[in-house]
Amino acid sequence: MDLETIKTLIDFVGRSRVSELTVSEDGTTVRISAGLAKRTSPEPIPNGRRERIVEVTPADGGEIARGDSSRMVKAPVFGVLHRSPNPGAPAFVEVGDVVGVGQNLCIVEAMKVFNTVSAHRAGPITRILAGDGLEVEAGQPLMEIG
């Protein structure tokens with residue numbers, strides 16, 4: 001599902017009296033609700049495939065879509081996001097942590113190549129937008145540095 005379609009759906013939910021909208025396409029389900037956002041891990045579906053589910057509220061989507069892109073940390077490649085250096089280890093950063101330029105924030109694994117994502121600016125982590133172990137797209141916002 002492309003970003004423009006998701007933005008259109010977010011705008012629709014924000015302007016209408018619809019409280020929740022769920023749309024599935026190509027193994028990705030986007031659930032947009034007028035309430036608080038809650039992000040879930042992949043859920044199994046009947047045929048055994050795993051489906052990626054992303055949930056946003058109109059406020060989240062609007063900020064991601066229209067926010068100051070210089071504050072966003074984006075995925076360098078398509079792959080699986082790892083928020084910690086090793087399984088079972090604490091995450092590199094959490095919301096509220098203050099980071100410096102060049103500090104490691106997460107890893108995106110693509111075809112057994114581990115791409116370290118570093119901070120491009122100093123400041124506090126204000127939001128984490130992608131879940132650990134989930135697939136991310138190249139250019140997808142992962143975190144926001146305030």
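Structure first, text after, so check above.
By convention here, each chain's residues receive numbers from 1 onward along its written sequence. Totals for whole chains, interfaces and linings use all residues, but because this is a predicted model, local features are given only for residues with pLDDT of at least 70 and pairs of side-chain atoms are given and counted only at 80 or more. The basis for the side-chain values is all heavy atoms of the structure; hydrogens and waters are excluded.

Draft legend 1. Structural context of the sheet that holds strand β9 (residues 113-118). With respect to topology, four strands assemble into an open sheet ordered β9-β8-β6-β11, the strand pairing being antiparallel. The outermost strands of the open sheet, each flanked by one partner alone, are β9 and β11 (135-136). Think of it this way: DSSP has to see at least two bridges between two strands before they count as a pair. Per the convention used, a helix needs a DSSP run of H or I reaching at least four residues, while a strand needs a run of E reaching at least two, with both numbered from the N terminus. In this structure, strand β6 (residues 79-82) lies alongside β11, joined through two bridges in antiparallel fashion. Within the sheet, the bridge partner assigned to Val 80 lies in β11 and is Glu 135.

Draft legend 2. Quick peek at the nonpolar core. Side-chain atoms within 4.5 Å link the members of a nonpolar core, which is a set of buried Ala, Val, Leu, Ile, Met, Phe, Trp, Tyr and Cys residues. Whether a residue is buried, partly exposed or exposed follows from its accessible area with a 1.4 Å probe, protein chains only, as a fraction of its type maximum: under 20%, in between, or over 50%, in that order. Counting residues in each nonpolar core, the largest one holds 17 residues, and the members touching the most others are Leu 105, Ile 125, Leu 142 and Met 143. Counting residues per element, the ones that place at least two in this core are β8 (104-110), β10 (123-128) and β12 (141-145). Contacts: residue pairs with any heavy atoms within 4.5 Å of one another. Leaving out residues up to four positions away in the same chain, Leu 105 has contacts with Val 73, Arg 83, Phe 92, Val 93, Val 99, Val 117, Ser 118, Ala 119, Ile 125, Met 143 and Ile 145. If you look at the next biggest cluster of nonpolar residues, it comprises six residues, including Ile 10, Val 13, Val 30 and Ile 32.

Draft legend 3. A look at the pattern of salt bridges. We define a salt bridge as a contact between a side-chain nitrogen of Lys or Arg and a carboxyl oxygen of Asp or Glu at a distance within 4 Å. One pass over the structure, following the stated rule, counts four salt bridges. Between Glu 144 and Arg 127 there is a salt bridge whose closest N-O contact spans 3.1 Å. On the criterion of sequence distance, the pair formed by Glu 144 in strand β12 and Arg 127 in strand β10 is long-range, its members being 17 residues apart. Residue classification places Glu 144 among the buried residues on the basis of a relative accessible area of 8%. Arg 127 gets classed as buried once you look at its relative accessible area, which sits at 13%. When salt bridges with common partners are traced through the structure, they connect Arg 71, Arg 127 and Glu 144 into a single cluster.

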